[in-house]
Amino acid sequence: MTYARMSYRDILTQVASGTADKIGLDFLHGLVDALKTSMSASFVFLSIGEGAPPTAARVICSLRDGAPGDSFVYDLVGTPCKLTYEGSTVTVPHELADDFPREADFESYCGCPLHDRDGRVVGNIAVFSKDEIADPSKVQSILQIFAMRAEAELQRLVHDEERQKLIDDLVSANCRLSAAHLATREANAFKTRLLGIIAHDLRNPLAVVLAQADLAQTQVQRQEPDLEKLDAIIEKLIGKVEQVSDLITATLTRVRDEDRNLSLQRASVDLSQICEMACEANRSPADSKSITLTCDFEAAAPVEVDAELMVLAVDNLISNAVKYTHPGGNVRVVAEGQKVSVIDDGQGLTDGDLVRAFGRFETLSAKPTGGESSTGLGLANVREIVEAHGGRVAVNSDGVGKGATFSISL
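Residues numbered from 1 in each chain as written. Predicted model: local features only at pLDDT ≥ 70, side-chain atom pairs only at ≥ 80, totals over all residues. Heavy atoms only, no water.

Engineer: How would you sum up the pattern of salt bridges? Please name residues and give values.
Structural biologist: Summed over the entire model, instances satisfying the criterion amount to eight salt bridges. Between E86 and K82 there is a salt bridge, with the nearest N and O atoms lying 2.7 Å from each other. The class of E86 is exposed, set by a relative accessible area of 54%. Where salt bridges share partners, they join D116, D118 and R120 into one cluster. (Salt bridge = Lys/Arg side-chain N within 4 Å of Asp/Glu carboxyl O. Buried < 20%, exposed > 50% of the residue type's maximum accessible area, 1.4 Å probe, protein only.)

Engineer: Please provide a residue-by-residue account of the nonpolar core, values included.
Structural biologist: Core analysis: the largest hydrophobic core is formed by 41 residues, its most contacted members being L271, I274, I318, V333, F406 and I408. Ranked by residue count, the leading element in this core is helix α8 (residues 307-324), at ten residues. Once residues lying within four places of it in the same chain are set aside, the contact partners of L271 are A300, A301, P302, V303, A335, G337, Q338, K339, V340 and L410. Counting 19 residues, the second-largest nonpolar core is a separate cluster that includes V44, L46, I60 and V139. (Core = buried A, V, L, I, M, F, W, Y, C linked by side-chain atoms within 4.5 Å. Helix = DSSP H or I, 4+ residues; strand = E, 2+ residues; numbered from the N terminus. Contact = heavy atoms within 4.5 Å.)

Engineer: I'd love a proper account of the packing of helix α7 (residues 271-288) against α8, names of residues and values included.
Structural biologist: The interhelical angle for the contact between α7 and α8, taken along N-to-C directions, is 30°, at an axis separation of 9 Å. The way α7 lies across α8 gives a crossing that is right-handed. For the pair formed by α7 and α8, the contact residues are I274, C275, A278, C279, A281, N282, P285 and A286 on the first element and M310, V311, V314, D315, I318, S319 and V322 on the second. For the contact of α7 with α8, the class distribution of residues is twelve nonpolar, two polar and one charged. (Axes fitted to C-alpha atoms, helices over the stretch in contact; angles between N-to-C directions. Left-handed = near helix turned anticlockwise from the far one by under 90°. Nonpolar A, V, L, I, M, F, W, Y, C, P; charged D, E, K, R; others polar.)

Engineer: Outline the sheet that holds strand β14 (residues 339-344), supporting the account with residue identities and numerical values.
Structural biologist: In any sheet, the strands associate via hydrogen bonds between backbone groups, in a parallel or an antiparallel arrangement. The mixed open sheet is built from five strands, whose spatial order is β11-β13-β14-β16-β15. Among the strands making up the open sheet, the edge pair consists of β11 (292-300) and β15 (392-396). Strand-to-strand, the axes of this sheet are offset by a mean angle of 10°, without reference to chain direction. Across six bridges, the pairing between strand β13 (residues 330-337) and β14 is antiparallel. From the neighbouring strand, V331 faces β14, where its bridge partner is D344. (Pairing = 2+ DSSP bridges.)

Engineer: How would you summarise the pairing of β14 if you had to cite specific residues and measurements?
Structural biologist: Linking two consecutive strands that pair antiparallel, namely β13 and β14, is a turn of one residue. In terms of strand pairing, β14 meets strand β16 (residues 404-409) through six bridges, oriented antiparallel. Residue pairing across strands places I343 opposite T405, the latter belonging to β16.

Engineer: Tell me about the state of the cysteines, and name the residues and values.
Structural biologist: Scanning the entire structure with this criterion turns up zero disulfides. Free cysteine C110: the closest other cysteine sulfur is in C112, separated by 5.4 Å. In this structure C110 comes out as buried when scored by relative accessible area, which is 0%. Using a relative accessible area of 2% as the deciding quantity, one classes C112 as buried. (Disulfide = S-S within 2.5 Å.)

Engineer: Go over the packing of aromatic side chains with me, naming the residues and quoting the values.
Structural biologist: The tally for this structure, following the rule as stated, stands at ten aromatic pairs. Between the aromatic rings of F43 and F106, the centroid separation amounts to 6.3 Å while the plane-to-plane angle is 15°, which identifies the pairing as stacked. Pair noted here: F43 is in strand β3 (residues 43-51) and F106 is in the loop between α4 (96-99) and β8 (108-115), with a separation of 63 residues, a long-range link. Pair check on accessibility: F43 and F106 agree, each one buried. Through a chain of ring-to-ring contacts, three or more aromatic side chains come together here, namely F43, F45, F72, Y74, F106, Y109 and F128. The ring of F43 is capped by R64, whose NZ or CZ atom sits 4.0 Å from the centre of that ring. (Phe/Tyr/Trp six-rings, centres within 6.5 Å; stacked < 30°, edge-to-face > 60°. Lys NZ or Arg CZ within 6 Å of the ring centre and 35° of its normal.)

Engineer: Tell me what's going on with the environment of S268, and back it up with residues and numbers.
Structural biologist: Take S268: it is sitting in strand β10 (residues 267-270). If near-sequence neighbours (up to four positions away) are discounted, S268 is found in contact with P302, V303 and E304.

Engineer: Can you explain unusual backbone geometry? Please cite residues and give values.
Structural biologist: The linkage connecting A52 with the following residue, P53, adopts the cis geometry, with an omega of -5°. Note that P53 resides in the loop between β3 and β4 (54-64). Non-glycine residue D65 carries a positive phi angle of around 55°. Relative to the assigned elements, D65 resides in the loop between β4 and β5 (67-68). Residue classification places D65 among the exposed positions, given a relative accessible area of 56%. Even without being glycine, S290 reaches a positive phi, approximately 55°.

Engineer: Give me the lowdown on the side chain of D353, citing residues and values where you can.
Structural biologist: Looking at the element boundaries, D353 is found in helix α9 (residues 351-356). Take D353: its relative accessible area is 1%, and that puts it in the buried class. A polar atom in the side chain of D353 sits 3.0 Å from the backbone nitrogen of T350. (Polar contact = N/O pair within 3.5 Å; in protein donor to acceptor, adjacent residues only side chain to side chain.)

Engineer: Tell me about the confidence of the model for the protein, and name the residues and values.
Structural biologist: Averaged over the protein, the pLDDT score is 79; the fraction of residues at 70 or greater is 76%. Of the regions scoring below 50 in pLDDT, residues 1-9 engages in 31 contacts with residues more than four places distant in sequence or in other chains. Throughout residues 11-20 the model reports pLDDT below 50, and contacts reaching past four residues in sequence, or to other chains, amount to 33 contacts. (pLDDT = per-residue confidence, 0-100.)

Engineer: Summarise a negative patch on the surface; cite the residues concerned and give the values.
Structural biologist: On the surface, a cluster of negative charge is contributed by E95, D98, D99, D131 and E132. With respect to the helices and strands, D99 occurs in helix α4. (Patch = residues over 30% accessible without salt bridge, like charges linked within 9 Å, V, L, I, M, F, W, Y side chains within 5 Å. Areas by Shrake-Rupley, 256 points an atom, 1.4 Å probe, with all protein chains shown as cover. Lys, Arg positive; Asp, Glu negative; His and termini not counted. Charge placed at Lys NZ, Arg CZ, Asp CG, Glu CD.)

Engineer: Describe the packing of α8 against helix α10 (residues 378-388), listing the residues and the values that go with them.
Structural biologist: Two elements in contact, α8 and α10, have axes separated by 9 Å at closest approach and are oriented at 145°. The handedness of the crossing between α8 and α10 is left-handed. In this structure, α8 contributes L309, M310, L312, A313, N316, L317 and N320 to the contact, and α10 contributes G378, L379, N381, V382 and I385. Among the residues forming the contact of α8 with α10, the class breakdown is eight nonpolar, four polar and no charged.

Put into structure tokens, the structure is as follows:
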């Protein structure tokens, strides 16, 4: 039976090995000393259950006649410990063998169950004696106090183990998101280069088209045009136009395919992690323009998203804010619940900008303040990613020169 990554056997072994003031053999010696006035403890032990529900128990720490004992497993059937594993504190002050013949070596017994934080019995603490119990209520009270101490230590260790597991999981998630975000940024940079290549490939045939059109115009303007030469020029023009058309068609087909194939790999992630990674990716560009980039994620909540795509969306909003804010300005990123807002005190937007902000290849009135390039695709990509998650994007601005706020709501 395990809890988090540490088994109860391991935890109780740790309880019994000296992690507190009196734990393990010292703990049991302390129990024996506390019981001396009420009973003579012959055999004292801590055990953990095996099976669900437990049908056996493993003794992991014991004292027999004052000497440390070995670990062993015993069947619970026919023992008073079976009752403790059913949740009861059991006291048999004398004639133990009458009800439990297996315990013929002992005259009396007292045992208490040990629980986890959910109230499940996971172990027990037991005392056997060859003599009668002189004061059963006192013995039971003393044993219950020691059982509470053992339970408290058990639950503390479980809490520490859970906490460490959570930290390990968060570190692992952060490393995964960091690697994924780096890959996404590299892919985005590749697409930007690809767009440049496509533009170059379009420019060359268009230049030929213009040159041939000039030649054709020259021939037409002659009093006696050379029709054979004019026909050859037109044939070349048609060929180049078809080449441009094919290139545009192939590019649009690729874009449509990529739009249709936008698949989401959803997982639960804290929105603060996404925002923190996007902020750190833009810290250097902001510093280079002396822009103060502040981030407030304390009120962020968990979200079910494709983390890689959502980091890209938030990154686009922050990089846009940095790009269009004047040097020395301010950009603030706020995550509250499942909403992210990127607020800048930059150039602001016109009413027309607000309408067209998230359209493809839209050029707004604001211009990059540090010579950066702009494709007009960043905000459109943000909208597509967010809407694919069932969320929405919004933009607000009080006008030119009054900054802007872009937000994602999931």
